[in-house]
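Okay, here's what each chain looks like letter by letter:
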Amino acid sequence: MSEKQDAIAIILANRSYLYRLLQRVFGTDPQLEILETAVSEHTRESLQLILQEDEHLFDKHFETLDNLKESLATDSEGTLDKLKGEYTYLFIGPDKLPAPPWESVYLSKERILFQENTLNVRRVYLEYNFLPSNYPHEADDHLGLELDFMAHLSKLAQEHFENGQTEELKKVLQDQKKFLDEHLLMWIDEFANDIQKSKTHYFYPSMADLTKHVLKIDNVIIDELLGAI
Amino acid sequence: MEKTKVKPKFGLSRRQFLKGTAATGVLVGTMGAMNLTPKAVADEVEQPPELKKVRTTCSPNCTGACGVEAIVENDELKAIIQAADYEDEVYNPRGCLKGLSMMNLVYGPDRLKTPLIQKGQPGVDDLEESTWDEALDYTAQRLKEIAEKYGPESIGVAFQVGGTSYVHKGALSRLATLAGWNIHHAYDQNGDLPMFWPMTFGVQSEELEPSEWLNSTYMAVFGSNILATRLPDAHFLVDSRNQGAKVVVFDPNFSPTAAKADEYVPINSSSDAVVALGICKVIVEEGLHDESFLKTFTDFPLLVRSDNGKRLKAEEVAGLTPPPVPDYRQSFVAYNGSFLAVDPEKLDLPENIWLEGEVEVPLKDGSKVKAKTVFQLLKESLGQYTPEMVAEESGMNPEDLVRIAREMGTAETLHIVYGASNYQWYHGDLKGRALALINVLTGNIGRPGAGISTYAGQYRIRLNVGEWWVPEGRPQNWLPFLYLLNGPTENMKAKHPEHGIKALIFGWGNPFDQHNMANILRERVQSGELEFVAVMDFQMTTSCHFSHVVLPGVTWFEKTDLVATPVHPYLQLQQPAIPPVYDCKPELWIIRELAKRWDPEFEQYFFPGFEANEAAEEAIKLMLRTGGPAVEGITLEMLKEGPVRLKSEVPGHKQIPFYEQVQFKRPFPPQSLPAKLEATAQFVKSGQIEFYKDEDVFLELGEELPVHKPPFEDSEYALNPEAREKYKFSYITRNGIYRVHSTHSNNIWMNELQEGKPHVWLNPEDAREKGIKTGDPVEVYNDRGKVFCYAIVDPGIGRHVAIFEQGWWSRYLRGTSYNALTYPFIKPTHEVYFVPGMWAPNTAWNECLCDVRKVGDQE
């Protein structure tokens, strides 16, 4: 395998890993193994690889992860409990959510759920024969679901690459780019921004900001990949 | 915001520095809540479903005209949500659970599937399915036979609430006009015509748009239950109160609206006129009235002859030359030391004009006559309404009356809401005139937040529709529905068809449940007196069971139409979200097919060659082009984008009745569409707000000025003197929150919220006397009919009142009809003029006596 091929394989594997990780972070209430993975050295390296982190732009987020790692080591149960509270407060309720994790909130004038965007997202999932596992009880444009879609497609891209199916690989990457352009990137800025206002919490705001950057850079990476294959 | 730094060119090569490993294995555990799963193979679809969202207008007879989004999957309506797209944010969102659960009706078990023909006995035998051709051919043939025998005017046409459907309902008007059929106007048929409006202001009805309530500092609600009947706008009442307005509710019953008020004033049934006149007496005595306003805008300075009670005409007075006036106007006389011929086209009497006093007038024939001003006569007439007298008649505490009168007299902006349940009484006109007097005395007319409003009959026409509704301006035949029930009267001004009404064609209504003495219609169709009945509806209503032909129509999710009601100021479209279900058809299509079978020449009037929705768009374009100032500059394309506010001369295009009259000193009345100005201006010949009516009937009845007359004396007791002892209960048929009249009577969600049972509300003391407890099956009855329901004993209900929530289909009432108890009283003052739906005999649903008994008790 040439050096270039190697590079592509590495990138594909890492974006696949990150999308899966972020889906777990936002798609479910916190669980110990996910948190431990999130604060692992592997995640740090993967983020640094994708974000080309050499200018210390994300130091404060890495610091957050380091702190979390430490408190997990000293008091895993208490930390988990605290994060469960944070997750519930931010994404479930009962109070007004500071940054509701659904696309249609940001793209509809009325800031409500189950809007046209929801249906558009559902239509895209159906092209790959996916439906939300708890359809139709959860709006299809939940951040966790949109990230899951990206994770699945990233995995698929990896497989196509390994099997040498170049055309299929291109198609998946183009679809991912389209999904980023038309959906995730349309609202992630506002979501990541709004969630910073929730001053009492620290893990999810940091993760939201990292997610924002990962998505933006992945959009560029996809172009690079398409140019390279 | 910080910028993400990206180095695209060299990124890929730089990224190799770090060898990524496939470490995803650690994350294979539980997926958590938010994840995607492959669709099951069995569930697999070749094509993803077609999903779309269509903005339409919920358009039942609440006339709330709430914008909704239909969520549609593969041409099936899956959900309905509030559109909340009104430019004026205070109107967002609007809607209610009825509208949002319309799927239950669109796809419900009562949805019509095909045309039906009755081959046996209407109301007894089942109708049989037929093809469209069979049903339409049969209808046209029967109508032609009847027209040949009795004349086309013996065919009656009824369509409900035009403002919710300018195209399809207009099409029925168009065909009825072409064919020479008689039209029964919904306004007076439904009891929606508050007759004080034409009598006092020369208009059909008026109202402040709900957002104007926020500009009121005092809201007095007389027998209107806004919290139930105006669900999408009820918040404005609470908002207004919360920002400091005082809200006072006068009602015999502690209604949900009374519960939101600052003050609730219980009064006896139909005693509002005496309360209002008592208030007016205090206002005038304490000098709280606005003299300048009265001199400019009312008939108060006009002189009335003491010999015959008529207003003095300028042409009668020696030395006076009346200005030239149109036929529908009259120059009367005022006095300021000398006699003035009042120009009814101008509101410009001098400030020194007499409001009070008596003068001797030299007449042209050389004789002399004494004359008093209207205001003088009014003051004298108000003399009888002392707080003690008011207390006696209404049950209202005298101190409260005086205090409230002072509050109203000094309020910055006073808004009075006069409820339909309150004006649908025999003397509803007198009550309205008395209530309007409070606003007029205090100058609370024609400015933001001020006025008197009636929020029923909210479907008056908002734009010129003549080009579509009345082809080529042809003459139309109109017959008020009360004459259909009563037969002709001696004084009627409408033309009664020689043979009466022999056939009925109706749409968007359920008259065999919903109309005054519904049982009479049933008897007539079964006896053959009514020879043929055809109905357009989307559901199998009680009326369909009593019809000879049922033509299945569609809902507002299945067609194109234009909607503008007075409830809020926006012009909107109904847009087809789904194709017509089953074999149903848009009504315009049905009417066009019928027109062409009646007379092949008529097809050309209904855009032949266009598919129904395209034809509807053509009709909309026609109405927008010719609709006049209210729709100036509004196009179909704009409406497809969303709701557009209608135009008015008020800043911000607000709806404030009589703003133009008061601010620009224009004569009364403003035009009430679709009537021509000259037709309605004759109601107020002085060009002013008129409290003195000198047409003979008013003088004979002693109603030249607003007075209080107690209920039942001129109606029930006159009809049957024994009723005074026999029936002690008022039978009030109010609106419930679960239905829009009879629409949603069969909505499964709504019925779940009310145990699926019709109820009657009774006062605990009354119930105790009758041995009735909550939940007991009871009958409410009088000599004319009975209704079966279940009792709710409620301490908020006044004494001797039986409140039934109207709208139930007969099948929920063990076959009884709750409207069988009512009677089609016609008040002679309603026959002084006849302009369809503007001055016509109005149904008095609540002028009805009854008694209540537990089922099983001795009859």
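Our subject is the structure listed above.
Reading the values: rules and limits
- Residues numbered from 1 in each chain as written.
- Chains lettered and ligands numbered in written order.
- Predicted model: local features only at pLDDT ≥ 70, side-chain atom pairs only at ≥ 80, totals over all residues.
- Heavy atoms only, no water.
- Helix = DSSP H or I, 4+ residues; strand = E, 2+ residues; numbered from the N terminus.
- Rg over C-alpha atoms; globule rule 2.2 N^0.38 Å.
- Contact = heavy atoms within 4.5 Å.
- Areas by Shrake-Rupley, 256 points an atom, 1.4 Å probe, with all protein chains shown as cover.
- Lys, Arg positive; Asp, Glu negative; His and termini not counted.
- Charge placed at Lys NZ, Arg CZ, Asp CG, Glu CD.
- Buried < 20%, exposed > 50% of the residue type's maximum accessible area, 1.4 Å probe, protein only.
- Axes fitted to C-alpha atoms, helices over the stretch in contact; angles between N-to-C directions.
- Parallel < 35°, antiparallel > 145°, perpendicular 65-115°, else oblique.
- Left-handed = near helix turned anticlockwise from the far one by under 90°.
- Pairing = 2+ DSSP bridges.
- Salt bridge = Lys/Arg side-chain N within 4 Å of Asp/Glu carboxyl O.
- Polar contact = N/O pair within 3.5 Å; in protein donor to acceptor, adjacent residues only side chain to side chain.
- Expected span 1.5 Å × (residues − 1).
- Phe/Tyr/Trp six-rings, centres within 6.5 Å; stacked < 30°, edge-to-face > 60°.

*Asks:* Just to check I follow, could you spell out the overall build of chain A for this structure?
*Replies:* Looking only at helices and strands, chain A has ten helices and one strand in total. If you list the helices and strands of chain A from N to C, you get α-α-α-α-α-α-α-β-α-α-α. Relative to the compact-globule value of 17 Å for 229 residues, chain A shows a C-alpha radius of gyration of 18 Å, a close match. The principal-axis extent of the C-alpha atoms belonging to chain A is close to 50 × 40 × 30 Å. Expressed as a percentage of contacts within chain A between residues at least 6 apart in sequence, the contacts between residues at least 24 apart total 70%. For chain A, the accessible area works out to roughly 9200 Å², and carbon and sulfur atoms hold 49% of it. Treating the 23 positive side-chain charges of chain A as one cloud and the 42 negative ones as another, the clouds have centres 4 Å apart.

*Asks:* Before we go on, may I ask you to explain the overall build of chain B in this structure?
*Replies:* The secondary structure content of chain B amounts to 32 helices and 31 strands. Relative to the 2.2 N^0.38 estimate, which gives 29 Å for 859 residues, the radius of gyration of chain B is 30 Å and therefore close to what a compact globule would have. Each principal axis of the C-alpha distribution contributes one length, and for chain B these read about 115 × 75 × 65 Å. Here chain B, with 859 residues, has 64% of them falling under the buried criterion. In chain B, the share of contacts with a sequence separation of at least 24, taken over all contacts with a separation of at least 6, comes to 73%.

*Asks:* Please clarify how the packing of helix 14 (residues 387–394) of chain B against helix 15 (residues 398–410) of chain B should be interpreted in this entry.
*Replies:* When two helices pack together, their arrangement is given by the angle between the helix axes and the distance between those axes. Residues and elements named next belong to chain B. Where helix 14 meets helix 15, the closest approach of the two axes is 8 Å, and the angle between their N-to-C directions is 115 degrees. Taken together, the axes of helix 14 and helix 15 lie roughly perpendicular to each other. Between helix 14 and helix 15 lies a crossing of right-handed hand. Residue-level contacts link Pro387, Val390 and Ala391 of helix 14 to Pro398, Leu401 and Val402 of helix 15.

*Asks:* Would you mind going over the sheet that holds strand 12 (residues 303–305) of chain B with me for this structure?
*Replies:* Hydrogen bonding along the main chain pairs the strands of a sheet, whether they run parallel or antiparallel. All names here are of chain B. If you trace the three strands from one edge of the open sheet to the other, you get 12-16-15, paired in antiparallel fashion. Two strands close off the open sheet at either side, each with one partner strand: strand 12 and strand 15 (358–362). Strand-to-strand twist across the sheet, computed as the mean angle between neighbouring axes with direction ignored, equals 40 degrees. Pairing geometry for strand 12 and strand 16 (residues 368–373), over three bridges, is antiparallel. Within the sheet, the bridge partner assigned to Arg305 lies in strand 16 and is Ala371. Across the face of the sheet, helix 13 (residues 374–382) comes into contact with strand 12 and strand 16 while running at roughly 65 degrees to strand 16.

*Asks:* I would appreciate a short explanation of the sheet that holds strand 11 (residues 263–266) of chain B in the present structure.
*Replies:* Residue and element names in this part refer to chain B. Across the sheet, five strands lie side by side as 11-10-9-17-18; this open sheet has parallel pairing. Edge strands, defined here as strands with exactly one partner in the open sheet, are strand 11 and strand 18 (451–453). Taking the axes of each pair of neighbouring strands and ignoring which way they run, one obtains an average angle of 15 degrees across the sheet. Of the pairings in the sheet, the one linking strand 17 (residues 414–418) to strand 18 comprises three bridges and is parallel in character. Residue pairing across strands places His415 opposite Gly451, the latter belonging to strand 18. The sheet strands contacting helix 17 (residues 428–441) are strand 9 (218–222), strand 17 and strand 18, and the helix crosses strand 17 at an angle near 170 degrees.

*Asks:* I keep staring at the pattern of salt bridges and nothing clicks. Help me out?
*Replies:* A side chain of one charge can pair with a side chain of the opposite charge when the charged atoms of the two come close. All names here are of chain B. Tallied over the entire structure, the rule returns 70 salt bridges over all chains. Among the ionic pairs, Glu805 bridges to Arg734, the shortest N-O distance being 3.1 Å. You can see Glu805 sitting in strand 30 (residues 801–805) and its partner Arg734 sitting in strand 26 (residues 729–734), a full 71 residues away along the chain. The exposure class assigned to Glu805 is buried, which follows from its relative accessible area of 9%. Here the salt bridges do not stand alone but share partners, grouping Asp133, Asp137, Glu593, Lys596, Arg597 and Glu603 into one network.

*Asks:* What should I look at first to understand the side chain of B:Thr63 in this one?
*Replies:* Residue and element names in this part refer to chain B. Structurally, Thr63 is set in the loop between strand 2 (51–58) and strand 3 (66–73). At a separation of 2.9 Å, a polar atom in the side chain of Thr63 contacts the main-chain carbonyl oxygen of Gln458. The contacts of Thr63, once residues within four sequence positions are left out, are Val161, Thr164, Arg230, Gln458, Tyr459, Thr565 and Val567.

*Asks:* When you look at helix 5 (residues 168–179) of chain B in this model, what are you seeing that I'm missing?
*Replies:* Taking 1.5 Å per residue, twelve residues should reach 16 Å; helix 5 of chain B reaches 17 Å between its end C-alpha atoms and fits that length. All buried positions along helix 5 of chain B are accounted for by B:His168, B:Lys169, B:Gly170, B:Ala171, B:Leu172, B:Ser173, B:Arg174, B:Leu175, B:Ala176, B:Thr177, B:Leu178 and B:Ala179.

*Asks:* How do you make sense of the packing of aromatic side chains when you look at a structure like this?
*Replies:* Where two aromatic rings form a pair, the distance of their centres and the angle of their planes describe that pair. Residues and elements named next belong to chain A. As enumerated under the stated definition, the model contains 60 aromatic pairs over all chains in all. A ring pair is formed by Phe26 and Phe191, whose centres lie 6.3 Å apart and whose planes are at 75 degrees; its orientation type is edge-to-face. Residue Phe26 is located in helix 1 (residues 3–27), and its partner Phe191 is located in helix 9 (residues 166–195); the two are separated by 165 residues in the primary sequence. Accessibility assignment for this pair places Phe26 and Phe191 in one class, buried. Residues Trp187 and Phe191 carry aromatic rings whose centres are separated by 5.7 Å and whose planes lie at 65 degrees to one another, so their mutual orientation is edge-to-face. Residue Trp187 and its partner Phe191 are both found in helix 9; the two are separated by four residues, about one turn of the helix. Classification of Trp187 by relative accessible area gives buried; the value is 0%.

*Asks:* Explanation requested: unusual backbone geometry in the structure shown.
*Replies:* Put simply, A:Gly93 and A:Pro94 share a cis peptide bond, and its omega is 10 degrees. Along the polypeptide, A:Pro94 turns up in the loop between helix 5 (76–91) and helix 6 (103–107). The linkage connecting B:Leu673 with the following residue, B:Pro674, adopts the cis geometry, with an omega of 5 degrees. Examined against the element boundaries, B:Pro674 turns out to sit in the loop between helix 26 (659–664) and helix 27 (677–681). Positive phi, normally seen in glycine, also occurs at A:Phe114, with a value near 55 degrees. Position of A:Phe114 among the secondary structure elements: in the loop between helix 6 and helix 7 (116–127). Despite not being glycine, B:Glu755 shows a phi value in the positive range, around 60 degrees. Accessibility expressed as a relative area gives 57% for B:Glu755, which makes it exposed.

*Asks:* Hey, could you run me through the environment of B:Arg230 in this one?
*Replies:* Residues and elements named next belong to chain B. For Arg230, the location among the structural elements is in the loop between helix 8 (226–229) and helix 9 (234–242). Here Arg230 falls in the buried class, since its relative accessible area comes to 4%. For the pair Arg230 and Thr217, spaced 13 residues apart in the sequence, the C-alpha separation amounts to 20 Å.

*Asks:* In this structure, what is going on with the side chain of B:Gln572? I would like to understand it.
*Replies:* Residue and element names in this part refer to chain B. Take Gln572: it is sitting in strand 24 (residues 570–574). Within the structure, the side chain of Gln572 is placed 2.9 Å from the backbone oxygen of Ala65, a separation counted as a polar contact. Residues contacting Gln572, with those up to four places away along its chain left out, are Arg55, Thr57, Ala65, Cys66, Gly67, Tyr86, Asp561, Leu562, Val563, Leu639 and Pro643.

*Asks:* Just checking my understanding: could you explain the pairing of strand 29 (residues 786–793) of chain B for this structure?
*Replies:* When a strand is regular, its side chains alternate between the sheet's two faces. All names here are of chain B. Note that strand 27 (residues 759–762) and strand 29 share four bridges and pair parallel. Bridged to Leu762 within strand 29 is Val793. Examined bridge by bridge, strand 28 (residues 777–781) and strand 29 share five bridges and lie antiparallel to one another. Bridging across to strand 29, Glu779 finds its partner in Phe788.

*Asks:* Would you take a moment to explain the environment of A:Asn193 for this structure?
*Replies:* Following the sequence through the fold, A:Asn193 ends up in helix 9. In this structure, the C-alpha to C-alpha distance between A:Asn193 and A:Lys212, residues 19 residues apart in sequence, is 9.5 Å.

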